[in-house]
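Notes for the structure review
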Amino acid sequence: MRHQPRRDSRGILDPHRLLRRVRLRRCLPAAALLPYVEHYWLVDWRLTEPFVQRVVPHPAVNVVFARHDDAPETAEITGVGLRLLSITLAGSGQVCGVQFRPGGFRPYWRRSVAELTGRRQPLTTGPGAADPTGAGAPPRAAVGGAVCEGTDDERCAALDAFLTAWAPEPDPVADEVIALVEKIRADRNILRVSDFARRHDSSVRRLQRLFLEYVGVGPKWVIRRYRLQEAIEQAAGGPQDWAALASDLGYSDQAHLVREFTAATGVSPAAYARSLG
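So, how was this worked out
- Numbers given to residues run from 1 along each chain, matching the order in which its sequence is written.
- Per-residue local features of the predicted model are confined to residues with pLDDT of at least 70, and side-chain atom pairs are confined, for both listing and counting, to 80 or more; whole-chain, interface and lining totals are unaffected and use all residues.
- Processing note: side-chain calculations cover all non-hydrogen atoms of the structure and skip hydrogens and water entirely.
- By convention, a stacked pair of Phe, Tyr or Trp rings (six-membered ring in the case of Trp) has centres within 6.5 Å and planes under 30 degrees apart, an edge-to-face pair has planes over 60 apart, and any other such pair is tilted.
- Secondary structure counts use DSSP, requiring at least four H or I residues in a row for a helix and at least two E residues in a row for a strand, with both numbered from the N terminus.
- Only protein chains enter the calculation, and the probe is 1.4 Å; a residue is then buried if its accessible area is under 20% of its type maximum, exposed if over 50%, and partly exposed in between.
- A positively charged side chain is recorded as over a ring if its NZ (Lys) or CZ (Arg) lies within 6 Å of the ring centre. The angle to the ring normal must also be within 35 degrees.
- Only protein atoms enter the 1 Å grid used here. Points where a 1.4 Å probe fits but cannot escape make up a cavity, open sets with protein on both sides within 12 Å along at least five of seven lines make up a pocket, and a residue lines them when an atom lies within 4 Å of a point.
- Grid points are joined across faces, edges and corners, and a volume is the space filled by probe spheres set on the points.
- We call Asp, Glu, Lys and Arg charged. Ala, Val, Leu, Ile, Met, Phe, Trp, Tyr, Cys and Pro are nonpolar, and the rest, Gly among them, are polar.
- The score called pLDDT rates the predictor's confidence residue by residue, from a low of 0 to a high of 100.
- Contacts: residue pairs with any heavy atoms within 4.5 Å of one another.
- Any two strands with at least two DSSP-identified bridges between them are counted as paired.
- Note on method: axes are straight lines fitted to C-alpha atoms, helices fitted across the in-contact stretch only, with angles between N-to-C directions ranging 0 to 180 degrees.
- Salt bridges are defined by distance alone: a side-chain nitrogen of Lys or Arg within 4 Å of a carboxyl oxygen of Asp or Glu.
- Residues enter a nonpolar core if they are buried and are Ala, Val, Leu, Ile, Met, Phe, Trp, Tyr or Cys, with the set joined through side-chain atoms within 4.5 Å.

This next bit is on the packing of aromatic side chains. Taken as a whole and assessed by the stated rule, the structure comprises ten aromatic pairs. Between Phe65 and Phe162, the aromatic rings sit 5.4 Å apart at their centres with planes inclined by 85 degrees, giving edge-to-face as the arrangement. Separated by 97 residues along the polypeptide, Phe65 in strand β4 (residues 62-68) and Phe162 in helix α3 (residues 152-165) bring together distant segments of the chain. For Phe65, a relative accessible area of 0% gives the class buried. Here Phe105 and Tyr108 contribute two aromatic rings whose centre-to-centre distance is 6.4 Å and whose plane-to-plane angle is 15 degrees, an arrangement assigned as stacked. With respect to class, Phe105 is no different from Tyr108; both count as buried. Three or more aromatic residues joined by ring pairs make a cluster, and in this case those are Tyr36, Phe65, Phe100, Phe105, Tyr108, Trp109, Phe162 and Trp166. In this structure, Arg106 packs its charged tip against the face of Tyr214, placed 5.1 Å from the ring centre.

Moving on, we get to the layout of surface pockets. As a volume, the largest pocket reaches approximately 1100 Å³. Lining the largest pocket are 41 residues, and of these Trp41, Val55, Val64, Leu85 and Ile87 lie nearest its centre. When residues of the lining of the largest pocket are traced back to their parent elements, those giving at least two are β1 (23-27), β2 (37-46), β3 (51-55), β4, β5 (74-78), β6 (85-89) and β7 (92-100). Tallied by class, residues from the lining of the largest pocket come to 20 nonpolar, 14 polar and seven charged.

Bringing the confidence of the model for the protein into the picture now. When pLDDT is averaged along the protein, the result is 90, and 91% of the positions lie at 70 or above. Long-range and interchain partners of residues 125-130, a stretch whose pLDDT sits below 50, account for eleven contacts in this model, where long-range means more than four residues apart.

Moving on to the sheet that holds β5. Taken together, six strands build an open sheet; the order of strands is β1-β2-β7-β4-β5-β8 and the sheet is antiparallel. Every other strand in the sheet has two partners, leaving β1 and β8 (120-122) as the edge strands with one partner each. Ignoring which end each strand starts from, the neighbouring axes of this sheet average 20 degrees apart. In this sheet, β2 lies alongside β1 in antiparallel orientation, the contact comprising five bridges. Bridged to Arg25 within β2 is Leu42. Most of the contacts of α3 go to β2, to which it runs at about 135 degrees, and overall it touches β1, β2, β4 and β7.

All right, on to the pattern of salt bridges then. What the rule picks out here adds up to 20 salt bridges. Salt-bridge contacts for Arg6 lead to Asp8; the nearest nitrogen and oxygen are separated by 2.7 Å. Among the ionic pairs, Arg25 bridges to Asp152, the shortest N-O distance being 2.6 Å. Of this pair, Arg25 sits in strand β1 while Asp152 is found in helix α3, placing the two residues 127 residues apart along the sequence. Here Asp152 falls in the partly exposed class, since its relative accessible area comes to 23%. Taken together, the shared-partner salt bridges connect Arg6, Asp8, Glu38, Arg101, Glu182 and Arg185 into one network.

Counted under the stated rule, the structure contains one cavity of 30 Å³ or more. There is about 40 Å³ of room inside the largest cavity. Lining the largest cavity we find Pro59, Ala60, Val61, Val80, Arg101, Pro102, Gly103, Gly104, Phe105, Val113, Tyr214 and Val215. Residue classes in the lining of the largest cavity are distributed as nine nonpolar, two polar and one charged.

In this structure, Phe65, Ile77, Phe105 and Leu163 are the most contacted members of the largest nonpolar core, which totals 28 residues. Contributions of two or more residues to this core are made by β2, β4, β5, β7, α2 (106-109) and α3. One finds Ala197, Phe211, Tyr214 and Val215 within the second-largest nonpolar core, a separate group that totals 19 residues.

This part takes up the environment of Val56. Tracing the backbone shows Val56 in the loop between β3 and β4. Taking the relative accessible area as the measure of exposure, Val56 reaches 1% and is therefore buried. Non-local contacts of Val56, meaning those with residues more than four positions away in its chain, are made with Gly11, Leu13, Leu84, Arg225, Leu228, Gln229, Ile232, Ala264 and Thr265.

Here it is, written out as C-alpha cells:
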C-alpha cells in the first residue's frame with residue numbers, strides 16, 4: 001500500500017505553469033479509506049485574470065467540492081473523462097477533491113460506474129432531500145460544515161468524515177479490479193488485453209465486463225490512457241527520441257504515438273515539448 005500520495009504530474013498539461021498560478025497539494029485519506037481512495041487534492045487560487053488548465057483525465061471517478069469567490073460551495077461527482085478536460089479558473093476559490101482508485105468508487109456507487117463515464121453529476125444531498133445518486137450518499141451536513149474552509153488538515157478531516165459516513169459496501173470483486181488496474185499502471189509491459197487476461201487466468205470478455213462495471217471504461221482504454229499519460233510526462237521533459245519512446249511504451253511506431261498524443265492533447269508530442277521549452 002502506498003504511504004505517500006503520488007508526486008507525478010501525469011495528466012496535467014504544462015504542470016509548471018499550473019503551479020506558478022495555483023496552490024496544489026495532495027494528501028492521503030484516513031487509513032480505513034485507503035483501499036478505495038487514491039488521494040485528496042486541494043487547490044487554492046487568487047487570480048487577476050482568468051487561467052485555463054488542460055488535463056488528460058485518469059481512469060478514475062472524482063468527488064469535487066468547490067467554492068468560487070463568495071458563491072456557495074458546490075459538490076459533484078465526475079465520472080471518467082474520455083476527452084481532454086479544459087478548466088477555467090478566475091477570481092479566487094478553493095477546491096477539495098477526492099480521486100478514487102480506479103474501481104474504488106463502485107462500493108460507494110453500488111451500481112455500474114459506466115453510468116457516470118463522461119458525465120458530471122451534482123451531489124446535493126441534505127436533510128430531507130432526495131439522494132440524486134441513488135447510492136445512499138450521506139447528507140452534506142455529515143462533514144460538519146463547508147468542506148473548503150479551514151486548514152488543509154481540517155479540509156481532509158471533512159472529506160474523511162463525508163466518506164466514512166457514506167459507508168462503502170464491501171465488495172471483493174472491487175478489490176480484484178483495483179489490484180488489476182494498479183498492475184496495468186505499474187507495468188509498462190502490459191500492452192494487450194488478451195495477454196493480460198491469460199496472465200490472470202481470466203477471459204477478455206470477463207475483464208471487459210468487470211472494467212466497465214467497476215472502472216467505467218474497458219481494459220484497453222485503461223492501458224492506452226496510462227501509456228499516453230506517461231508519454232505526456234516524458235515529453236514535458238523536453239525533446240525526446242520519439243521513435244524509441246513509442247517503442248518503449250508499446251506503440252506500433254512513432255506515427256502511432258503521434259496520432260494518439262495529438263488526438264488527446266490537440267498538439268503533437270514534439271510541439272508540446274517545444275511549447276514548454
